[in-house]
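# Chain and residue survey
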Amino acid sequence: EESKVEVSGDLVVKENLDILAPSTSNSLEGILGTNDWHTSDVTLLLPATDDENGSGVAETKYSLDNASTWVTYIDPIALTQEGIFNVQYFSIDKAGNKEETKTAIIKIDKTAPEAKLIFNVATQKLEVIGRDNLSENVVATISEQVNIENDHANDRRNVFWFWGWLKKENKKKIIGTATLVDQAGHKTEVVWEKKSSKDHRIDLAISSIAYDGIKEDVTNSSLQYKWMQDWWKRKYLLFASHLSTEEVSLESHYFPSKNQTWLMEKPKEIADDDGNDNAEKRPVWKKMTGMIIPSIITDKGSIKINY
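Rules used throughout
- Residues numbered from 1 in each chain as written.
- Predicted model: local features only at pLDDT ≥ 70, side-chain atom pairs only at ≥ 80, totals over all residues.
- Heavy atoms only, no water.
- Core = buried A, V, L, I, M, F, W, Y, C linked by side-chain atoms within 4.5 Å.
- Buried < 20%, exposed > 50% of the residue type's maximum accessible area, 1.4 Å probe, protein only.
- Contact = heavy atoms within 4.5 Å.
- Phe/Tyr/Trp six-rings, centres within 6.5 Å; stacked < 30°, edge-to-face > 60°.
- Helix = DSSP H or I, 4+ residues; strand = E, 2+ residues; numbered from the N terminus.
- Lys NZ or Arg CZ within 6 Å of the ring centre and 35° of its normal.
- Pairing = 2+ DSSP bridges.
- Axes fitted to C-alpha atoms, helices over the stretch in contact; angles between N-to-C directions.
- Salt bridge = Lys/Arg side-chain N within 4 Å of Asp/Glu carboxyl O.

## Some points on the nonpolar core
In this structure, Leu117, Phe119, Trp192, Ile202, Ile206, Leu223 and Tyr225 are the most contacted members of the largest nonpolar core, which totals 33 residues. Each residue touching Leu223, except ones within four places of it in the same chain, is listed here: Leu117, Leu126, Ile202, Asp203, Leu204, His242, Leu243 and Ile296. Counting 13 residues, the second-largest nonpolar core is a separate cluster that includes Leu44, Leu46, Ile77 and Phe85.

This is how it looks when you write it as structure tokens:
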């Protein structure tokens, strides 16, 4: 503020000049996750103040489309869509002083990531890949837990030791869990039971998917791979898969001599051996060039097959 003094005869006139622009701040209401992401709807408030002796705030303007259009701020702004919002804003006082434009970046991700389960041809292991609609760099980890259960129902007894002791046979379950965490902090867990521990085999039955702790049971969904490589592990001599969901099944066989992958017309589970399941003589639905690796993907609690 500055004062301008004019003298006219015996009358002294003092006029305050307002040359300072107002100041606008922003505040956010919503659930804050990690890495500055919000995991809920966000309400944006743009309170503005003018200097104590200033003319007062006349209006506040904001833009959500990179300054293409400006809207007069009256009520708090509700942001309900997912995405990254670049909000620009400024205020003007009653003397016409305009504040320099400010920017607030608001990130909203309300959805937990999805998972893709696929055979990794380089490592010969099951790979879990995170998929997210917004945030990048989903971290995926796999853990296994061995559960031992006594078979009290049948109380089966085998292996008679030479000094007369009897050994009870126990059931062993290997439970695998894939945990995926996105940048906003959302967590997805996919749980399965490992049906086979043989070399060159992956055989899983998926039992549940949990999004941010909300669990959904899964039935009739499984994933099988079997493979064989040459002595130098430079090429695959055999690769077969069977994937199944509640709605569809898919069986594939790779033929290296033809460099083709065949999808079978009547899919069935692959045999636990090193053969090609008589695929050469069975009806084929589709022939594809190269070694195709079918995968399972999660989608809002359901299981789907992708290839």
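There's plenty left to go through after this.
## Examining the packing of aromatic side chains
Under the defined criterion, the tally for this structure stands at 8 aromatic pairs. Residues Phe119 and Tyr236 carry aromatic rings whose centres are separated by 6.3 Å and whose planes lie at 80° to one another, so their mutual orientation is edge-to-face. Here Phe119, found in strand β13 (residues 114-120), pairs with Tyr236, found in strand β23 (residues 236-244); they are 117 residues apart in sequence, far enough to count as distant. Here Phe119 falls in the buried class, since its relative accessible area comes to 3%. One aromatic cluster is present, formed by Phe119, Tyr225, Trp227, Tyr236 and Phe239 through successive ring pairs. The ring of Phe90 has Lys98 lying over it, and the distance from NZ or CZ to the ring centre is 4.0 Å. Directly above the ring of Phe255 sits Lys258, whose terminal nitrogen or CZ lies 5.2 Å from the centroid.

## Describing the sheet that holds strand β10 (residues 77-79)
Strand order across the open sheet formed by 3 strands is β4-β6-β10, with antiparallel pairing between neighbours. The open sheet has two edge strands, β4 (27-29) and β10, and neither has a second partner. With direction set aside, neighbouring strand axes in the sheet form an average angle of 25°.

## Re the pairing of strand β27 (residues 295-299)
Burial analysis of β27 places 4 of its 5 residues in the buried class, which makes it a mostly covered element. Here β13 pairs with β27 via 2 bridges, running antiparallel. Residue pairing for β27: Leu117 is matched across the bridge by Ile296. Where β27 meets strand β28 (residues 302-306), 5 bridges bridge the pair, whose relative direction is antiparallel. In the sheet register, Ile296 faces β28, and the bridge partner there is Ile305. Hairpin connection between β27 and β28: a loop of 2 residues separates the two successive antiparallel strands, and Lys300 in this loop has a positive phi of roughly 55°.

## A look at the sheet that holds β27
If you walk across this open sheet you meet the 4 strands as β14-β13-β27-β28, and the pairing is antiparallel. On the outer flanks of this sheet lie β14 (125-131) and β28, each paired with one strand and no other. Direction aside, neighbouring strands of the sheet carry axes that sit 25° apart on average. Bridge count for β13 against β14 is 7 bridges, and the pairing is antiparallel.

## Re the pattern of salt bridges
The full count for this structure, using the stated rule, is 12 salt bridges. Notably, a salt bridge pairs Glu59 with Lys61, separated by 4.0 Å at the nearest N-O pair. Looking at Glu59, the relative accessible area reads 28%, which means it is partly exposed. As a salt-bridge pair, Arg201 and Asp272 come within 2.9 Å of each other at their nearest N and O atoms. Here the residue Arg201 occupies a position in strand β20 (residues 201-211), and Asp272 occupies one in the loop between β25 (260-264) and β26 (284-289), the gap between them amounting to 71 residues. With a relative accessible area of 11%, Arg201 lands in the buried category. Since its relative accessible area comes to 46%, Asp272 is described here as partly exposed. In the salt-bridge network here, residues are joined through shared partners; they are Lys198, Arg201, Asp272 and Asp274.

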